[in-house]
Amino acid sequence: MIDGMHAQIVLYDGFDPLDAIAPFEVLAAGGEYMAGDLQVSLVSAEGPRAVTSGTHGVTLHASAAIDPDSPGCIIVPGASGPVDGDPDDGVETIPVLLARAAQTDLTPLLSKAFDNPDITVATVCGGAVVLAMSGLIEGRHAVTHYLGMDLLDAAGVVPVAARVVDDGDLVTAGGVTSGLDLALHLLDRWYGPRIPHAVERLFEYERRGTVWRNIGREPVEG
């Protein structure tokens, strides 16, 4: 754990608002309990700008560019939009939005972040698919929304059906509400149980599921 860490929540066009705001709120509250030792900000690959989500045009403002040299974590949310539809007819489905994000400057910036031992790259929901489409997590263990698990598999990622998957410098979470559990797990991993417990009390929310790690005895299938 490094003092003065920075949690960067990534925004890109079509992002899912709850994927970004849930971990933002949890980590911001954790930072308050840490007397400001943890800073939290909304960022984008392009720098400060208004970023429109995929949910009814809700817009958030990125205050800075992604900094792959700043110790802490970078969290990539999923996208919000239609699941079905023909992209050839102009329907911007969630896979189209995720693929578009993967083709921006987000990919080289995240690649640099993975090269930094002081950064954990984390994702919520379809954020893991962005990393998979970018070729950044081939062979790694990860989870996304259950509707996108086949996309991880197709990209050479090892899909794990868990609420949160901790694969070292890569921590991924499932569907939209799992962003709460992801952020609480990161607080626990960095600072121990007292800080996330205080946040749980404040939010009247308790973490769900067991965090999956690639350690320990494997279960025998009966």
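Procedures and definitions
- Residues numbered from 1 in each chain as written.
- Predicted model: local features only at pLDDT ≥ 70, side-chain atom pairs only at ≥ 80, totals over all residues.
- Heavy atoms only, no water.
- Helix = DSSP H or I, 4+ residues; strand = E, 2+ residues; numbered from the N terminus.
- Rg over C-alpha atoms; globule rule 2.2 N^0.38 Å.
- Contact = heavy atoms within 4.5 Å.
- Areas by Shrake-Rupley, 256 points an atom, 1.4 Å probe, with all protein chains shown as cover.
- Lys, Arg positive; Asp, Glu negative; His and termini not counted.
- Charge placed at Lys NZ, Arg CZ, Asp CG, Glu CD.
- Buried < 20%, exposed > 50% of the residue type's maximum accessible area, 1.4 Å probe, protein only.
- Phe/Tyr/Trp six-rings, centres within 6.5 Å; stacked < 30°, edge-to-face > 60°.
- Pairing = 2+ DSSP bridges.
- 1 Å grid on protein atoms, 1.4 Å probe; cavity = no way out; pocket = protein on both sides within 12 Å on 5 of 7 lines; lining within 4 Å.
- Points joined across faces, edges and corners; volume = space filled by probe spheres on them.
- Nonpolar A, V, L, I, M, F, W, Y, C, P; charged D, E, K, R; others polar.
- Patch = residues over 30% accessible without salt bridge, like charges linked within 9 Å, V, L, I, M, F, W, Y side chains within 5 Å.
- Salt bridge = Lys/Arg side-chain N within 4 Å of Asp/Glu carboxyl O.
- Core = buried A, V, L, I, M, F, W, Y, C linked by side-chain atoms within 4.5 Å.

- Under the annotation held in an unreviewed UniProt entry, the protein chain carries the name Glutamine amidotransferase and is attributed to Mycobacterium conspicuum.

1. Let's talk about the overall build of the protein chain
- Helix and strand counts for the protein chain come out as seven helices and 12 strands.
- The C-alpha radius of gyration of the protein chain comes to 16 Å, within 12% of the 17 Å expected for a compact globule of 222 residues.
- With respect to the principal axes defined by its C-alpha atoms, the protein chain has extents near 50 × 50 × 35 Å.
- At a minimum sequence separation of 6, the contacts of the protein chain that also span at least 24 residues come to 63%.
- Of the roughly 10500 Å² of accessible surface on the protein chain, a fraction of 51% belongs to carbon and sulfur atoms.
- If the 12 positive side-chain charges of the protein chain are averaged to one point and the 31 negative ones to another, these points end up 8 Å apart.

2. Concerning the side chain of His141
- Relative to the helices and strands, His141 resides in strand β8 (residues 141-142).
- Leaving out residues up to four positions away in the same chain, His141 has contacts with Val158, Val160, Val165, Asp167, Leu170, Thr172, Trp212 and Asn214.

3. Section: helix α7 (residues 194-203)
- Ile195, Pro196, Ala198, Val199 and Glu200 are the residues of α7 that are buried.
- Where the residues of α7 are buried, they touch α1 (17-33) and α6 (178-191).
- Backbone geometry just after α7 places Glu204 at a positive phi near 50°.

4. Here we look at the packing of aromatic side chains
- For the structure shown, the criterion picks out one aromatic pair.
- On the numbers, 6.1 Å between centres and 75° between planes, the contact of Trp190 with Tyr191 is edge-to-face. Across the pair, Tyr191 and Trp190 agree in class, each one buried.

5. Notes on the sheet that holds strand β6 (residues 72-76)
- Taking strand neighbours across the sheet as the criterion, the eight strands line up as β5-β2-β1-β6-β7-β11-β10-β12 in an open arrangement whose pairing is mixed. At either end of the open sheet lies a strand with only one pairing partner, and these are β5 (64-65) and β12 (212-213).
- Bridge count for strand β1 (residues 5-10) against β6 is four bridges, and the pairing is parallel. By the bridge assignment, Ala7 is partnered in β6 with Cys73.

6. Side note on the layout of surface pockets
- Volume-wise, the largest pocket comes out at about 310 Å³.
- Contributing to the lining of the largest pocket are 16 residues, with Val83, Ile94, His145, Leu147 and Gly148 lying nearest its centre.
- Of all the secondary-structure elements, those providing two or more residues to the lining of the largest pocket are α2 (94-102) and α5 (149-154).
- Element by element, the count of residues in the lining of the largest pocket is highest for α2, at three residues.
- A per-class count over the lining of the largest pocket returns 10 nonpolar, four polar and two charged.

7. Description of the pairing of β6
- For β6, the buried fraction is high: five of the five residues fall into the buried class.
- As paired strands, β6 and strand β7 (residues 119-124) are joined by five bridges and run parallel to one another. Directly across from Ile75, in β7, lies its bridge partner Ala122.

8. A few points about a nonpolar patch on the surface
- Among the surface-exposed residues, Val83, Tyr146 and Leu147 lie close enough to one another that they form a single nonpolar patch of about 360 Å² accessible area.
- Relative to the elements of secondary structure, Leu147 occurs in the loop between β8 and α5.

9. Examining the nonpolar core
- Counting residues in hydrophobic clusters, the biggest one holds 70 residues, and the most contacted among them are Tyr12, Leu27, Leu38 and Ile75.
- In terms of residue count, the dominant contributor to this core is α6 (eight residues).
- The residues touching Leu38, leaving out its near neighbours within four places in the chain, are Met5, His6, Ala7, Leu27, Gly31, Leu187, Trp190 and Tyr191.

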